[in-house]
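An overview of the molecular structure
Chain by chain, the residues run as shown.
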Amino acid sequence: MGVDLYLCEDPCKTCNHQPICVADESYTYNVSRMWYKVYPADKYMVQIEGMKGKQAYKKLAHAKKVMEENKEEFEAMNPLNGWGSYEGFLGFIEKLMKHSLDYPKIEWSACR
């Protein structure tokens, strides 16, 4: 089980144009402890749905900074079952950051 995050334009209500998704990223919940270490009040791992790219970027950049500054602590949270890792999760966050920068006005959605 994991989190799927999408960055899609809004569908056109006039012409029923289907939305174009510019990002579709997924990662395993096995690393959720890492996210909650940074954002303990969040109810979901990588809780950026409903945020536009510009807003999400700030939250993601903060998470990345905390994780990099405390690498050993976060590496110790690597799942014992081998599904997911500190390095993999950091790479996932970096991808989300890039998409957020590339599309600052588009809103993130999630499937959990």
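Note: the structure precedes this text.
This text gives an overview of the structure that appears in the document. Just so you know, these numbers come straight off a predicted model, no measurement behind them.

**Digging into the environment of Glu87**
- If you trace the backbone, Glu87 turns up in helix H4 (residues 86-102).
- Among the residues examined, Glu87 registers a relative accessible area of 47% and is labelled partly exposed.
- The spacing of Glu87 and Met67 is 20 residues in sequence and 10.0 Å in space, taken between C-alpha atoms.

**Side note on the packing of aromatic side chains**
- What the rule picks out here adds up to four aromatic pairs.
- Relative to Phe92, the ring of Phe89 has its centre 6.2 Å away and its plane inclined at 20 degrees; by these criteria the two rings are stacked. Residue Phe89 and its partner Phe92 are both found in helix H4; the two are separated by three residues, about one turn of the helix. When sorted by exposure, Phe89 lands in the same class as Phe92, which is buried.
- Each residue in the set Tyr27, Phe89 and Phe92 is aromatic and connected to the rest through ring pairs, giving one cluster.

Rules behind the numbers
Residues numbered from 1 in each chain as written. Predicted model: local features only at pLDDT ≥ 70, side-chain atom pairs only at ≥ 80, totals over all residues. Heavy atoms only, no water. Helix = DSSP H or I, 4+ residues; strand = E, 2+ residues; numbered from the N terminus. Buried < 20%, exposed > 50% of the residue type's maximum accessible area, 1.4 Å probe, protein only. Phe/Tyr/Trp six-rings, centres within 6.5 Å; stacked < 30°, edge-to-face > 60°.

Keep in mind these values describe shape, not function.
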